[in-house]
Amino acid sequence: MKVCTSTFVFAFGLSTIALGNVSSPAKSNLLLLSAVIANMASIVVFFWFVEGVGTGLRPVAVLQYLFDEGKKAMDAVYEGAFGPATPSSGQLPPKGEGRVVRRRGASGTFLAFGQRHLVAAAAAADCLIEIVPQVGDFVSVDDPLARIYPASADISDSQINGMMAFGPERTMEQDPMFAFRIMVDIGARALSPAINDPTTAVLAIDQIHRLLRYAGFKNIDTGRVSDRAGKLRLVFPTPAWEDIVDLALTELRLYGATSIQVARRMKAMLEHLIDRLPAERTSTLRQIGRAHV
């Protein structure tokens, strides 16, 4: 869109200048030729833009884009692969009361946080910062935003607030659940009585299947970041495996219960995931599989 808009504006501006130059005694044929070429290029770019929009707005293209963005978000939130050395029950913050940092400014959705800046600030103050809300949550004014351990650490509330981003709606930058949320919404909308398009719902399940399998091999744990000396400096909440599975499957199971096509694809997905994922991941899937049958 930016390329096309820039091309249209350039051609329009050049044509306006050329039009004013036509009646000038020092008429420039090169300027007129450039304006003609720019307008011809605009026509070509317009047809390219129409084709790109038509292709990019197909459900399969949107769903593949969501899968790619969901993978990036998971890589940003979950570090390392699943394994015995990285159990899902991570290290918790120290016990005891910490100083509560509250939200200052307008209410909004918690979009992202500056991980490196928070770790650097915690190292400078020799403290541990625990982020209270999860990325994607709505945070109102004066809600708890973080806890500082120990409470006497020399780090201000304004510093913490300044390192966290809020906005009117969710993004996928550090929110892998949002990719699942949009995929499920696409599938649920396709299964609504007004649309009744189970094929699109199956396309959504295909990408949910891919993203669930990718998530199953990640070290899904409460986020923990240490400084260069290996001391824990930042803890932030992340979705658990059970939360991911519940969001990805529950609603589509409900809305697609009467569709043979959706039920068949859902069963195949569960069987494949149970067969391929680590044993620690399959108990939740088996419960859903029994309920699905």
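Our subject is the structure listed above.
Rules of the game
All residue numbers here refer to positions counted from 1 along the written sequence of the relevant chain. Local features in a predicted model are, by the rule used here, given only for residues with pLDDT of at least 70; side-chain atom pairs are given and counted only at 80 or more, and totals for whole chains, interfaces and linings are based on all residues. Processing note: side-chain calculations cover all non-hydrogen atoms of the structure and skip hydrogens and water entirely. Per the convention used, a helix needs a DSSP run of H or I reaching at least four residues, while a strand needs a run of E reaching at least two, with both numbered from the N terminus. It is over C-alpha atoms that the radius of gyration is taken, and the globule rule equals 2.2 Å times the number of residues to the power 0.38. The buried label goes to any residue with under 20% of its type's maximum accessible area, the exposed label to any with over 50%, and the partly exposed label to all in between, with areas taken from a 1.4 Å probe on protein chains only. Contact criterion: two residues are considered in contact whenever any of their non-hydrogen atoms come within 4.5 Å of each other. Per-residue and other accessible areas follow the Shrake-Rupley method at a 1.4 Å probe size, with only the shown protein chains counted as cover for residues. Counted as positive: Lys and Arg. Counted as negative: Asp and Glu, with His and the chain ends omitted from the count. By convention, charge coordinates are those of NZ in Lys, CZ in Arg, CG in Asp, or CD in Glu. A fitted line through C-alpha atoms serves as each axis, taken over the contacting stretch for helices, and the angle formed by two N-to-C directions is quoted from 0 to 180°. Roughly parallel here means an angle under 35 degrees, roughly antiparallel means over 145, roughly perpendicular means 65 to 115, and every remaining angle is called oblique. Each crossing gets its hand from how the near helix is turned against the far one by less than a right angle, where anticlockwise is left-handed and clockwise is right-handed. The classification used treats Ala, Val, Leu, Ile, Met, Phe, Trp, Tyr, Cys and Pro as nonpolar, Asp, Glu, Lys and Arg as charged, and all other residues, Gly among them, as polar. Working rule for helices: expected span equals 1.5 Å times residues minus one. Think of a salt bridge as a Lys or Arg side-chain nitrogen and an Asp or Glu carboxyl oxygen that are within 4 Å of each other. Polar contacts, as used here, are pairs of N or O atoms within 3.5 Å; protein pairs need one atom able to donate a hydrogen and one able to accept it. Residues neighboring in sequence count only if both atoms are side-chain atoms. At least two DSSP bridges between two strands are required for those strands to pair. Side-chain atoms within 4.5 Å link the members of a nonpolar core, which is a set of buried Ala, Val, Leu, Ile, Met, Phe, Trp, Tyr and Cys residues.

**Description of the overall build of the protein**
Each helix and strand in the protein was counted, giving ten helices and eight strands. Against the globule reference of 19 Å for 293 residues, the protein gives a C-alpha radius of gyration of 26 Å, more extended than a compact globule. Overall, the C-alpha framework of the protein stretches about 85 × 60 × 35 Å when taken along its three principal axes. When burial is assessed residue by residue, the protein has 42% of its 293 residues classed as buried. A separation of at least 24 residues holds for 75% of the contacts in the protein among residues at least 6 apart in sequence. If you sum the accessible surface of the protein, you get close to 16100 Å²; carbon and sulfur atoms cover 59% of it. Averaging the positions of the 30 positive and the 28 negative side-chain charges in the protein gives two centres separated by 4 Å.

**Details of the packing of helix 3 (residues 59–77) against helix 7 (residues 198–216)**
Interaxial distance between helix 3 and helix 7 falls to 10 Å at its minimum, and their mutual angle equals 15°. Relative to helix 7, helix 3 is oriented roughly parallel. Where helix 3 crosses over helix 7, the handedness of that crossing is right-handed. Residues P59, V60, L63, Q64, F67, G70, K71, M74 and D75 of helix 3 form the contact with helix 7, whose participating residues are T200, L203, A204, Q207, R210, L211, Y214 and A215. Residue classes in the contact of helix 3 with helix 7 are distributed as ten nonpolar, four polar and three charged.

**Points about helix 3**
Between the first and last C-alpha of helix 3 there are 27 Å, a value that for 19 residues agrees with the 27 Å anticipated at 1.5 Å per step. Those residues of helix 3 lying buried are L63, L66, F67, E69, G70, A73, M74 and V77. Those residues of helix 3 that are buried are in contact with helix 6 (176–190), helix 7 and strand 8 (232–236).

**Some remarks on the pattern of salt bridges**
Counted according to the given criterion, the structure contains 13 salt bridges. For R233, the salt bridge is made with D126, and the minimal N-O distance between the two is 3.2 Å. Note that R233 is positioned in strand 8 and D126 in the loop between helix 4 (115–125) and strand 3 (128–131), a separation of 107 residues in sequence. Looking at R233, the relative accessible area reads 6%, which means it is buried. Assessed through its relative accessible area of 44%, D126 is described here as partly exposed.

**Concerning the side chain of R233**
Within the structure, the side chain of R233 is placed 3.2 Å from the side chain of D126, a separation counted as a polar contact. Setting aside its immediate chain neighbours within four residues, R233 contacts V119, A122, A123, D126, C127, L128, I129, V225, S226 and D227.

**What about the sheet that holds strand 2 (residues 108–113)?**
Read from one edge of the open sheet, three strands run 4-2-6, paired in antiparallel fashion. Of all the strands in the sheet, just strand 4 (138–139) and strand 6 (164–167) have a single pairing partner and so form its edges. Judged from the two bridges that link them, strand 2 and strand 4 form a sheet pairing that is antiparallel. Counted as the bridge partner of T109 is F138 from strand 4.

**Some remarks on the nonpolar core**
Within the largest apolar cluster, 66 residues are counted, with the highest numbers of intra-cluster contacts made by I129, M164, L212 and L249. Apart from the residues within four sequence positions on either side, L249 is in contact with L212, M266, M269, L270, L285 and I288. One finds L14, A18, A35 and A38 within the second-largest nonpolar core, a separate group that totals five residues.

**Some thoughts on unusual backbone geometry**
Here the bond from Y149 into P150 is cis, since omega is 0°, no more than 30 degrees from zero. As for its position among the elements, P150 is in the loop between strand 5 (144–149) and helix 5 (157–162). One non-glycine residue, D142, lies in positive phi territory at about 75°. Topologically, D142 is positioned in the loop between strand 4 and strand 5.

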